[in-house]
Structures are given as structure tokens and as C-alpha cells.
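Topology and contacts: notes
Residue strings, one per chain:
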Amino acid sequence: MRENEGSLGLPPPTLHCRAWALASKWLFDGAPTISRDANFGDPFMKTFDSKSALILSGCLLVVTTIFADNPIVQTSFTADPGPFVYKDVMYAYLGHDEDNAMTWFNMRDWRLYKTTDAANWTDLGVTATLATFAWARADAWASQVIERNGKFYYYTTLRLEGEPCGIGVAVADKPEGPFKDAAGKPLASAVGYIDPTVFIDDDGQAYLYFGNPDLYMVKLNADMISISGSVVKQTKPSCYTEAPWVYKRNGTYNIVYATNCNPGYEDIRHATSPTPSGPWTYRGIVQPVLNGGKATSWTNHPGIVEFKGKSYFFYHTGDLSGSAFRRSVQVEEFKYNTDGTIPNIPVTKEGPKQIGTVNPYDTVQAETMAWSQGLKTFGSNPGGIYVDSINNGDYIKVKGVDFGNGATSFEARVASGGNGGNIELHLDALTGSVVGTCAVSKTGGWQTWSSATCNVAGAKGVHDLYLKFTGASGRLFNFHWWKFTGVSSGVTRGLRGIPLRMAMLAGDAPSLRLDFQSAFESSEIQVDLFDLSGRLEARLFDGTVSSQSLTIPLRQGVRPQGIRILKLRSSEGVLLERTVLFP
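Residues numbered from 1 in each chain as written. Predicted model: local features only at pLDDT ≥ 70, side-chain atom pairs only at ≥ 80, totals over all residues. Heavy atoms only, no water.

**Some remarks on the overall build of the protein**
If you tally the helices and strands in the protein, you get one helix and 42 strands. Every one of the 583 residues in the protein was classed for burial, and the buried ones make up 55%. The contacts of the protein with a sequence gap of at least 6 include a subset with a gap of at least 24, amounting to 60%. Surface accessibility of the protein: about 23,400 Å² in total, with carbon and sulfur atoms responsible for 50%. (Helix = DSSP H or I, 4+ residues; strand = E, 2+ residues; numbered from the N terminus. Buried < 20%, exposed > 50% of the residue type's maximum accessible area, 1.4 Å probe, protein only. Contact = heavy atoms within 4.5 Å. Areas by Shrake-Rupley, 256 points an atom, 1.4 Å probe, with all protein chains shown as cover.)

This is how it looks when you write it as C-alpha cells:
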């Protein structure tokens, strides 16, 4: 058992630092509800198995909860969202509630997730930890990232020795990090200095806001890692408590924030101003206290961004775990009212509509998902994140996968120090049609990676893809990435970039015609036909081609039907390899 296992190992922060009205007692009607996804060990230490039962007061709590696509992360507990859009990617910088947080918040690092379609999120791992800031003692609380002049600045909350909290800033060359402490000390520190939000005005002046129970503002210098002037206490908007999020839209300054005017639980409210320093005009409640006033989380934290022409509202709840100290970030799409105010935004289990589709013929990271059950992620960015804690019955849902004309095979990168298992490929539901089953054999180690492949039939068009894991009891395997191989038709492109059109010519003497869409150098080539197992069926052509087209007669006995692999070779190697559907 590691140090402090089963306890926080730290005294709770003082009410002066966090200033929550009812932080000293449980705010539940009875014991907390534990979902199947609850895991009370550090996922990186693997102290507790994710399927372990939790016994409280001699009672075994078994709860089955069915969600759609909200919250956006199920492999970890996340809170205090800091959404950020850069180019065509929406990022979510999130606080991380440790799995063993039972009676108070236990937060040691920050996690990063990204999406290009607002539905499937990819885990990018840990972006920073308490150790990133040598001057901090505890509490990796709320944060926000902003870009300026090609650098990315990460403003966050940490606790110092004693009661004060400090606002730190880290910097990186790309959104994924790695982030390093930029100042070596807090930008500002005092009791109640938490929950920073930052924005850059049209004139280039950057502003930093923060505070609980008061609202503070300070200007940032152009270097973004030092302050200009003194911290100024603002006249706060109606019922302000904490978690400000400030931005400018259509010339108006907006602040959304958390308030406990409904005693014991926080709702989200909205105010506007003609200047960055107020006065703030109250515009109403954006999200009331959740679950009819008896929310599973007595905190909340808003974040609002624009992405691909749509508006998104981020927040957190405790619904996934049933605990106020193991929260989960959710997101909703919304439209502003005609006067620029924000409408009431209800909590949904569906989340936003997907923008576009997923291409299954590209390599897709296993940690990209719209929903999952029973799983954890492990590793570090870049490139080292993978899915683990895979047991029988666990699954991943990937929303809106476009198989186009059809898929013929599936490949998964896996590692197993046990006996392996299977990956069942279901369409549209966990009990939907099975288009393939991929056997995963033991590879000799949990970090000994190999590819598992299988044939696929019936995957065509756009579907939700469920990857269901089956096998014996215990841990099955680790899962790094997956991809499908598709049926080729029409114009394709070879390994040397040669555009090629293929057509079957029917009649008494059927033939295969290859039309090269650009001039092709005179060369000796071979055209071979393989079945899906890789067995050579026939050499269709072996000779010289010097024009833009080649017609290959299909002699008796070599008239393929169904799916085959066509390879075009020369002395330079394989010029083209494609899976082809023959009528």
C-alpha cells in the first residue's frame, strides 16, 4: 500500500482558502452512491483493481447507471473545466479528482483532452502536476490556457504553505505541453486567490480575474508571466462566489460564475459589462442547481468557447460517481439569445451533436472515445497513452464512424501479459450487429506490443462503433490504437502517389483495366492478386507498361469475386497495395 493510501495525507484546506459555505460536512442524503466506474486507487499505481467492490458500513453498494455521451471522460474523474480552441481542435484542460478522494478534494495534477468533432474525446494525458510548481504545496485546482505569439500560457490555482492560495503560470510551445513554470513563483497570492480566468482584449491588454468569495482583477504584462500594477478588488456581480469565466463577445464583456445563493449548492450565473472592470449587470441564471436542488456536486465551474461556428458550455457534476469529491466534466451546445444573453442550459446525458465523422481508415488512438465503461488510461504524452484495466464486458464507444463503401479488415495494437481476450466490433449498440471479432493472444508482457487482425463484413456507411472486450476473468490486455482497411473503388492513390482508376470490363473476355491518371514511366511491373489472408492467388500481369492505361485479360479460373488484395510492384518495390471489391 502506498503512502497515504486510503487517506488524503493532508489537512483539508481552510475555509479561508476555499471559502465554501458547507465544506465541513457531508452534503449527501445518506451515503454516496458508487458507480461501476468508481476506482479508489491511483490509476497510475494500480493499487485497486477497477472491478473491486467497495464495502461501506458492512453494506455492498451495487449501482448500475446508463449514460449516453456526457460526461465527456469516464476513465478518470475530472473537474473545473478550462476549454480552449486552437485551429480546428477543441481542448479541455481539466482538474483531476483522485479516485480515492472520499471526504475531501484530492487533486495532484491536470489532465488534457481534445476533440475535433465535439463528440469523441482523445486523452492526451497529464499536462502538469504539483511538482511543476516547486513553490506549491498542494491542490491542483482550476485553470485556464490562452495563446499569445505562438506560446501557450497555463494559469492555475495552487495552495501554498499555510492558508494562502497562489495563481501560477506555466508555458509551453504547443497546446499539449509540456508546460513548465514560467515565473518560479506565484503571480499573486493571498487567502481566497483561486480559479483564475484570463483573456486578451482587442487592444492587446491581457486581464487576469480570480477569487472566492471576492472577485479580483489584475492586468498582465505583454510577457504574460508578470503582472502590471496591483491586484484590484472588483465590485462583484450579483451573488458571485467563485469560478469566474470572462470573455468578450460582440463588444460586450461577459462573466459567467458560480454562486451559492442557493445555500449549500452552486448554480451558474451570467453578467455583462461595457468595460473589462465592470460594473457588471446581472443577466440571469445559466444553469440552476442540478437535480432539483440536490446535486451530487455542491461545486460547479463554467467555461464557454466557440468551436466551428457553435457555442459550447462546460461544467461539472458528481453524477458519474455519486460523490462531491469525484466529479466529471460535461458539455452542452447552446445558442445565445438575440440580446446576447445566455439561455438556461439544462444538463443532458446526450451532450452536443457530432460535427462530421470519424475516419476508421486512419489510425485511431484507443483512448479516443465518446463513452467507455470499466476502463482506465495510462502513459504519458506524446504518443504513449493507451487503454488498460480491460476486463470482460468492458467497452469503448466511438461515435459517428464513416465506413464509406465498406471495411474488410480490422487491426488493433495490443499487449497482454495474461491470456489475452477478444475485441468484438458492434455497430450502433453494445448488442448491435457484430461485424468482426478480433482474437488477442498473449504477447508475453503488458508492454510487449503486437498487432491483432481479423476480417470484417457488414461495416458500411456511418455507424456508432462499439469495441466490446471479452475473455476470462481478470485483466485481459492493453490497447494502443486501431484502424480498419477499406474497400477501394474509383480513383485511389498508390504508395508513390500514382492516381489510379480500376474498372472491370465484362463480356466474353472479362478483363481488369487500370487507368493511370498521370504519365507512367516505362517500367517492368507485376500485378498480383491475394486473398485476405495474404495468400497469393494469381499473378495477373508481369511485363512492361509505358502508357497511361493497362488492360489485363482475366483468363479462365482467374476471375475474382468479392474482396481481394491487389498489389502493383516494380523493381522499386510495392507501388500500390489496395483492397478491392470485385463484382
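There is more to say, and it comes next.
**Examining the state of the cysteines**
By definition, a disulfide links the sulfur atoms of two cysteine residues through a covalent bond. By the definition in use, this model includes one disulfide. Shown here is the disulfide that connects C239 with C261, its sulfur atoms set 2.0 Å apart. Taking the sign of the S-S torsion, about -115° here, the bridge from C239 to C261 comes out left-handed. Separated by 22 residues along the polypeptide, C239 in the loop between strand 15 (227–233) and strand 16 (242–249) and C261 in the loop between strand 17 (252–259) and strand 18 (267–273) bring together distant segments of the chain. C261 gets classed as partly exposed once you look at its relative accessible area, which sits at 36%. C438 takes part in no disulfide bond, and the closest cysteine sulfur to it belongs to C454, at a distance of 3.3 Å. (Disulfide = S-S within 2.5 Å.)

**Topic: the nonpolar core**
Ranked by internal contacts, the top residues of the largest apolar core, which has 33 residues, are F410, I423, L467, F469 and F479. Among the elements of the structure, strand 28 (395–402), strand 29 (407–415), strand 30 (421–427), strand 31 (434–440), strand 32 (449–455), strand 33 (462–470) and strand 34 (478–486) are those that each provide at least two residues to this core. Ranked by residue count, the leading element in this core is strand 29, at four residues. If sequence neighbours within four positions are ignored, F479 has contacts with A366, Y386, V387, I390, I396, A412, R413, V414, I423, W449, L467 and F469. Counting 21 residues, the second-largest nonpolar core is a separate cluster that includes L112, A140, V145 and F179. (Core = buried A, V, L, I, M, F, W, Y, C linked by side-chain atoms within 4.5 Å.)

**Quick look at the side chain of T377**
Here T377 shows up in strand 26 (residues 376–378). Side-chain polar atoms of T377 contact the side chain of D123, separated by 2.6 Å. Residue contacts for T377: discarding those within four places in its chain leaves T75, D123, E367, I385, Y386, V387 and D388. (Polar contact = N/O pair within 3.5 Å; in protein donor to acceptor, adjacent residues only side chain to side chain.)

**Some details on the sheet that holds strand 30**
Within the open sheet, the five strands sit side by side as 25-28-33-30-31. Their pairing is antiparallel. On the outer flanks of this sheet lie strand 25 (371–373) and strand 31, each paired with one strand and no other. Ignoring strand direction, the axes of neighbouring strands in this sheet form an average angle of 20°. Of the pairings in the sheet, the one linking strand 30 to strand 33 comprises six bridges and is antiparallel in character. (Pairing = 2+ DSSP bridges. Axes fitted to C-alpha atoms, helices over the stretch in contact; angles between N-to-C directions.)

**So, the sheet that holds strand 18**
One key point about sheets: their strands pair by backbone hydrogen bonds, in either a parallel or an antiparallel sense. Sheet architecture is open: four strands sit in the order 16-17-18-19, paired in antiparallel fashion. If you trace the sheet from one side to the other, it starts and ends with strand 16 and strand 19 (281–287), each paired once. Averaged over all neighbouring strand pairs, the angle between strand axes comes to 25°, with direction disregarded. Here six bridges tie strand 16 to strand 17, and the two strands are oriented antiparallel to one another. What sits directly across from Y247, in strand 17, is N254.

**Structural notes on unusual backbone geometry**
Residue P178 is reached from G177 by a cis peptide bond, and omega for that bond is 10°. In this fold, P178 is placed in the loop between strand 9 (165–172) and strand 10 (180–181). Even without being glycine, N149 reaches a positive phi, approximately 55°. With respect to the secondary-structure elements, N149 resides in the loop between strand 7 (143–148) and strand 8 (151–159). In this structure, K308 takes a positive phi of about 50° despite not being glycine. Overall, the relative accessible area of 42% leaves K308 in the partly exposed class.

**Let's talk about the pairing of strand 4 (residues 89–97)**
Among the nine residues of strand 4, nine are classified as buried, and the element is accordingly described as predominantly covered. Here strand 4 shows no split at all, with V89, Y91, Y93, G95 and D97 on one side and M90, A92, L94 and H96 on the other all buried. Pairing geometry for strand 3 (residues 77–86) and strand 4, over eight bridges, is antiparallel. Across the sheet, residue F84 finds its bridge partner in strand 4, namely Y91. The hairpin turn running from strand 3 into strand 4, its antiparallel successor, is two residues long, and K87 in that turn takes a positive phi close to 55°. By the bridge criterion, six bridges tie strand 4 to strand 5 (residues 109–115) in an arrangement that is antiparallel.

**Let's talk about the environment of D528**
Topologically, D528 is positioned in strand 38 (residues 523–530). Taking C-alpha positions, D528 is 4.4 Å from R539, a pair spaced 11 residues apart along the chain. When neighbours within four sequence positions are excluded, D528 is seen to be in contact with L536, A538, R539, I565, L566, K567 and R569. One polar contact links D528 to R539, side chain to side chain, over a distance of 2.7 Å.

**Considerations on the packing of aromatic side chains**
One pass over the structure, following the stated rule, counts 39 aromatic pairs. Note on Y93 and F179: the rings are 6.3 Å apart at their centroids and 85° apart in plane angle, and the pair reads as edge-to-face. Placement of the pair is Y93 in strand 4 and F179 in the loop between strand 9 and strand 10, with a sequence separation of 86 residues. Accessibility assignment for this pair places Y93 and F179 in one class, buried. (Phe/Tyr/Trp six-rings, centres within 6.5 Å; stacked < 30°, edge-to-face > 60°.)

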